Every structure is written in C-alpha cells, then in structure tokens.
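Structural features, examined
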Amino acid sequence: MTEPILSIRNLVVEIKTRHAILKAVDCVSYDIAPGEILGVVGESGAGKSMAGNAVIGLLSKPFSVADGEIWLKGRRIDNLSREKMRRLRGKEIGVVFQDPLTSLNPLIRIGDQLVETIMEHLKLSKKEAERRAISALEEVGIPAAAKRVNSYPHEFSGGMRQRVVIALALCAEPSLIIADEPTTALDVSVQAQIIALLKRLCRERGTAVMLITHDMGVVAETANRVAVMYAGRLAEIGPVRDVLTNPKHPYTDGLMGSTPAAAIGLEKLRQIPGSMPRLARLPKGCAFSPRCNRATDKCVQDPPPDLTAGEGYAACWYSLKTECTG
Amino acid sequence: MSTLVSVKNLSKVFDVSKPWLNRVIERLPKAHLTATSDVDFDVEENAVYSLVGESGSGKSTIGKMVVGLLQPTEGNVEINGVDLASETDIEIIKQSRTDIQMIFQDPYASMNPRWRVRDIILEPVVASNGDTEGLAEKLLEQVGLAAEDATKFPHEFSGGQRQRICIARALASAPKLIVCDEPTSALDVSVQAQVLNLMDDLKSELGLTYLFISHDLTVVRHISDRIGVLYLGRLVEEGTPDQLFDAPKHPYTQMLISSAPKIDGFGREVDPPQGEIPDPIDPPSGCAFHPRCPIATAKCKSERPALRELDDNRVACHLA
C-alpha cells in the first residue's frame, strides 16, 4: 500500500466548558491515500466537521486537540507553530466550505483573491500568478475565465461561486482537500456538476479528499471509503459499497433504513428511536446503546472495542453479522 | 374521492423595480419577477400532493398563496369550494381559515422563544375562541411527546422535537389541509424518518390532506400520492410517483432525476446537466427550459408548451 497522504491517529478534540471537559471527537483514527475520497458521514453534532477543522488547525478557543497525532505526507502537523501551520494551509491542504458566499471576500475581485493565494504559496511573479489564476478558473469549468477574473463574488451564481472556491482550494496544488458539506447549499443539478468536478480533479491530480457530508447518496456516488461517526466516535469505517449495502454497526444500519431513497416501495421508513445524546450526558458504555435495539448489559457497561474485520471495522460488541447473545 | 384544493391559472408577479427616482434618472424600465405562472392542479382529499423544484421555481410562493399569506396576481385557489381571496361571508372565511394550517422549514424560527409550548400549540384555537381544555396535552402525546412538555419553553427541545411541536400546533384547530413547506429539510436523516412516519400516521388517523413542498426527490417519492414538478414558476410535469420516477416524460424531470445522487450509485459517473436556472426577471422565450434542454427545437424557442394530458400524467413539452 502506498503511503497515505493524511493519517489521523487517536485524535481527541476537547471542549472546555465551565462545568466539564467534553470530548467532541474521541479517539478517531483514519488514513486517506493519494487519489482517494474518504466520505465522513454522521448527523449534526457527530464531530465530523470538528475532525476536519483539527486537521487544518482551525480549532479556536474552547476547542483544542487534546491527544492523538495528525500526519500529513509523513510529517507530523498537529504540533506545528501557528506560523508554520499558516504556510501549510492552502499550500498542502485546500479547504472547501459549505457556504460559497461567506468563503469569498465580497469586496475583492475573484482574480485578485486567487492571485493572492497563489503568490503566497508559490514563488511566481504577478504576471505568472495571473495567468495561473485564469487557468485555475478554466479548469473548474468557468466559461470566459479571462473575463470573469475581474468580477466580484456577487456577480456569480451559487454554483459558479462554489467553483471559484474550489479553484481557490486547488490553485496551490495541495495534496489534500477537505470539503466540508460542499454541495449542501446547492440545487441537485448544480450539486451533480460540483461532484463530477471534484471527482475529475481528484482522479487527474491524485489529490486526496476528505468529503464531509450528511447525504448518503453523495457519499455512495463519490467516496471510495466511508467513515461513519456517532457522538464524536468512529462507529464504522470501510469501503463504501460494503458499509452502505452491508453495514456492520447498528447505527449505520439504522441510518440507511431512515434514508427515504432506500425505502422505495415500503410503507414506512425504518426509524431509529430517540436522538443523539448530548456530549455532556454521554452514556457510559457504547454511545449508541440507548437507541440500539440489540443493546445488552455489556453495551451499557463497557465502551465497544474496535472490531477489526477485513478492510473495515465497526466499533460494536456485536457487529450485525454475528448473533447477539447476552 | 373528492377534490379538496383546486388551484386554477395561479400566477404571482412581484414588482422588483428600483425606486421611481432611480428609474427616472437611470432611465430604467419597471422590472417584474414572475414567481408563478399559470399553475393548475387539484389535490384530492386525504392525499399527499407534492411540489418539487429547485430554488427559484416558485414552490413556496404557491404554498403561501394556498394558505392565503400572499394574494395571487391572477387565478384563484379554492379550498372546499371556498376562494378566500374573493369570499365575503365572514363566517365562511373564519371556518375555512381553521381548515388550513402550515408547517414551516425552520423549527427554530417558527416558534416564539418566550412562549411556553402550551401557549404556542393553543394559539390557533384561542384565536378562534375554541375549547382549549386539555387540548395541548392531548396533542403533545399524539405527536410523540409527553404531556408534561406543555409547560416547557422551545429552547428545551431538539430540532426534531420542535418540529413535532409545530405539527401539534398545526393540528390544534383540527384542520383539513396542512401545507408543509420543506418540513424536514433542517433535520437529520434519522429524525427526518421519525417526522415523516409521524406525518403519515396522522394523515390516516385524522384524514388529513397535505400539500408537501420539497426539493428532496427521495422524500417526495416516499411520501406523495401525486407530484408536480415546477421549473421557473411553471408546472412542467405532473404524475404519480411511480410514473414520474420510472418514466419521466419532460426533459427537465429526466435531468432532475438522473442528477440526484443515488444511494446505490457506487462510482456512478453522471454526465452533469449543463447550465443553471435562468433569471426569473428575464425568463427565456417559449419553453423556459429550452436553453438547457438537450432535445430543444426551433418551436421550443418560440412557443410556450401547454400542459397537456399524456397517459395519466400531464406534461408541458412539445416533444413528449
């Protein structure tokens, strides 16, 4: 196996509050290989964006990386100084956020925003940087790029703006892109365009992508592997086809059952009772045990092990294939 | 089954002109945005009729006109034979208003944070001087919450629970029709499943009719009896979920369905659709979809296709 681009080991992100220290991300480990798209799914509050923000070093005050290691291309990055981290961001890690309007400065022409980023990270003259900005816009499919570099963000539609944000993330040729809900604010037809674009760029350049989303359909079509998070912990990780069609963790199974697309022809959706526990009141054992219909005393008492099974694993005492006893 | 809601030639035009002084100085003409144009559909009693479309297709505008929050520019909406916009008998107006309720998208913004849940739920009944004895508690239990929750404030609930409270409030005046504007878009999948199942149960228990507005094709396919697809304020296709998803006839519906991500579409390479929704202030001539349509002809550019019957569907396309 080739060396992974990103490697997260036992990452713990803590939130310090007046009353207690809460774990927003608890002992999460995963790798992303070159050219691979890892989908990170989970419901709101599962800690999926928090893990992404930890990688780019954007955690601020009550949040902090308390434990674990983050390695980027064989170099440890979680203990870098602010200044070194700032240089790394953009150069090695590109980021695409959910809302393309707030990711761009409304007062600066998009060409200048691109040139600024390019000159910050690559040793190029202004002329060369401008040429490069135009080719970056062409690459993400913006028509008449040479003319549009002089436009302001408000002159673009939502989908076009998200393309500009992707061009910004890619212009310094990073080896890793973190895409945090990149298509959630967009319409389906535009979403299809953006996903096709991300997949093409990833294939052509061998960029690793961490795709954070809550949409199982997007994950199925885009990702190679998928990590399912629940209450800050990794519930299950594995190749996307295995995890979605043959889930090992009851939570993944419940999530798939709740998806209307998977219930075609059924009268009722299969629902998971209850809702995700608050971080301050996490159950003692498995965080999913209060909602799990297979939970036993053991699940309530002890946190689940990392059951290694082939390429993927599920953090469950009784992964779905085995008989539940107890 | 009889028809509960009948929408005829419904159009809504918004005036989006600049202030008159700017118009005079800059010599600008008046600008009009056609949000909805010539929409025609019927909703059967105890059925779910869904309107789908991308942003700017006019689906929420139609919902607001149905409940009477907006006045139509042209056309009318009849609910149980009553047109609220032209009815003059105050008793009939009062009765029809209690027959219609609405559920909104954002359960955080649609409740007064300083009111207790009981007051929130009872407001539609209090407004019409109805009997409120024990009603809030009964409704809370009906939507899967506890009777004790009536004394709490909205901030004590999660998004899914808040949406249940909104449903309880909508049920309070014993309505016949509930207009649901993206009721599950702000919710997580597992909570969305709970809310959709609850809405389905209530529909059969209480004989409700839903006008369901959504952009999520998978949700719409699951819940609807009949679906209308909107594009740029016009109804382009209407049919049952199976007809629409298995054999879409309008090129826009085909594009919408093929570009929606599939849960079993592992590694699927879609040929993404070209272009985006045009500017509604300056819509294309003829069929509004022709600039993006792969099979458009000269006729599509000049002549607007009428919505016509085709098998059991209705389609607005020259070539279908």
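Residues numbered from 1 in each chain as written. Chains lettered and ligands numbered in written order. Predicted model: local features only at pLDDT ≥ 70, side-chain atom pairs only at ≥ 80, totals over all residues. Heavy atoms only, no water.

1. A look at the pairing of strand S7 (residues 176-180) of chain A
Residue and element names in this part refer to chain A.
- Extensive coverage of S7 is indicated by the burial of 5 of its 5 residues.
- Every second residue of S7 is oriented toward a common face, with Leu 176, Ile 178 and Asp 180 on one face and Ile 177 and Ala 179 on the other, all of them buried.
- One ladder, built from 4 bridges, connects strand S6 (residues 93-96) with S7; its direction is parallel. Looking at the pairing, Val 95 lines up with Ile 178 of S7.
- In terms of strand pairing, S7 meets strand S8 (residues 208-212) through 5 bridges, oriented parallel. Pairing of Ile 178 across the sheet is with Met 210, part of S8.
- This β-α-β element, S7 to helix H7 (residues 188-205) to S8, shows right-handed connectivity. (Buried < 20%, exposed > 50% of the residue type's maximum accessible area, 1.4 Å probe, protein only. Helix = DSSP H or I, 4+ residues; strand = E, 2+ residues; numbered from the N terminus. Pairing = 2+ DSSP bridges. Right-handed = clockwise from strand over helix to strand, strands pointing away.)

2. Brief notes about the nonpolar core
- Of all hydrophobic cores here, the largest spans 102 residues; its most connected members are Leu6(A), Tyr30(A), Leu137(A), Ile166(A) and Leu176(A).
- Broken down by element, the residue count for this core peaks at 8 residues, all from helix H6 (residues 158-170) of chain A.
- Ignoring any residue separated from it by four or fewer positions in sequence, one finds Tyr30(A) in contact with Leu6(A), Ser7(A), Ile8(A), Arg9(A), Leu38(A), Val40(A), Ala51(A), Met210(A), Leu234(A) and Ile237(A).
- Leu269(A), Val117(B), Leu122(B) and Ile223(B) belong to the second-largest nonpolar core, a separate cluster that totals 40 residues. (Core = buried A, V, L, I, M, F, W, Y, C linked by side-chain atoms within 4.5 Å. Contact = heavy atoms within 4.5 Å.)

3. Comments concerning the sheet that holds strand S2 (residues 32-44) of chain B
Residues and elements named next belong to chain B.
- An order of S2-S1-S4 is seen for the 3 strands of this open sheet, with the pairing classed as antiparallel. Bordering the open sheet on either side are S2 and strand S4 (74-79), each of which pairs with just one other strand. Strand-to-strand, the axes of this sheet are offset by a mean angle of 15°, without reference to chain direction.
- Direction of pairing for strand S1 (residues 3-15) relative to S2: antiparallel, over a ladder of 9 bridges. Directly across from Thr 3, in S2, lies its bridge partner Glu 44. (Axes fitted to C-alpha atoms, helices over the stretch in contact; angles between N-to-C directions.)

4. Overview of the sheet that holds strand S1 (residues 6-16) of chain A
Residue and element names in this part refer to chain A.
- Here we have 4 strands laid out as an open sheet, ordered S2-S1-S4-S5, and antiparallel in their pairing. Looking at the sheet topology across the chains shown, the edges are occupied by strand S2 (21-32) and strand S5 (75-76).
- The pairing of strand S4 (residues 63-72) with S5 spans 2 bridges and is classified as antiparallel. Bridged to Leu 72 within S5 is Arg 75.
- The strands that helix H1 (residues 48-55) touches are S1, S2 and S4; relative to S1, the one it contacts most, it runs at about 110°.

5. Structural notes on the pattern of salt bridges
Residues and elements named next belong to chain A.
- For the structure on display, the rule yields 27 salt bridges over all chains.
- A salt bridge links Glu 83 to Arg 87, with the shortest nitrogen-to-oxygen separation between them at 3.6 Å. One end of the pair is Glu 83 and the other is Arg 87, both in helix H2 (residues 82-88) and 4 residues apart, which spans about a single turn.
- A relative accessible area of 47% places Arg 87 in the partly exposed class.
- In the salt-bridge network here, residues are joined through shared partners; they are Glu 83, Arg 86, Arg 87 and Glu 120. (Salt bridge = Lys/Arg side-chain N within 4 Å of Asp/Glu carboxyl O.)

6. Details of the pairing of strand S3 (residues 37-41) of chain A
Residues and elements named next belong to chain A.
- For S3, the tally of buried residues reaches 5 of 5 residues, placing the bulk of the element in the interior.
- Every second residue of S3 is oriented toward a common face, with Ile 37, Gly 39 and Val 41 on one face and Leu 38 and Val 40 on the other, all of them buried.
- Pairing between S3 and S8: 4 bridges, direction parallel. Bridged to Val 40 within S8 is Ile 212.
- Taken together, the 4 bridges between S3 and strand S9 (residues 225-230) define a ladder with parallel strand orientation.

7. Observations regarding helix H4 (residues 117-127) of chain B
- Taken together, the buried positions of H4(B) are Val117(B), Ile120(B), Ile121(B), Leu122(B), Pro124(B) and Val125(B).
- Of the surrounding secondary structure, the elements contacted by the buried residues of H4(B) are strand S5 (100-103), helix H5 (135-142) and helix H6 (159-171) of chain B.

8. A look at a nonpolar patch on the surface
- A grouping of Trp20(B), Leu21(B), Val24(B) and Ile25(B) is seen on the molecular surface, where their side chains present a nonpolar patch of about 470 Å² in accessible area.
- Structurally, the position occupied by Ile25(B) is in helix H1 (residues 20-26). (Patch = residues over 30% accessible without salt bridge, like charges linked within 9 Å, V, L, I, M, F, W, Y side chains within 5 Å. Areas by Shrake-Rupley, 256 points an atom, 1.4 Å probe, with all protein chains shown as cover.)

9. Details of the side chain of Thr98(B)
All names here are of chain B.
- By secondary structure assignment, the location of Thr 98 is in helix H3 (residues 90-99).
- Taking relative accessible area as the criterion, Thr 98 reaches 17% and is therefore assigned buried.
- Of the polar contacts made by the side chain of Thr 98, one reaches the backbone oxygen of Gln 95; its length is 2.7 Å.
- When neighbours within four sequence positions are excluded, Thr 98 is seen to be in contact with Ser 128, Ser 173, Ala 174 and Pro 175. (Polar contact = N/O pair within 3.5 Å; in protein donor to acceptor, adjacent residues only side chain to side chain.)

Geometric descriptors of this kind do not, in isolation, establish any biological role.
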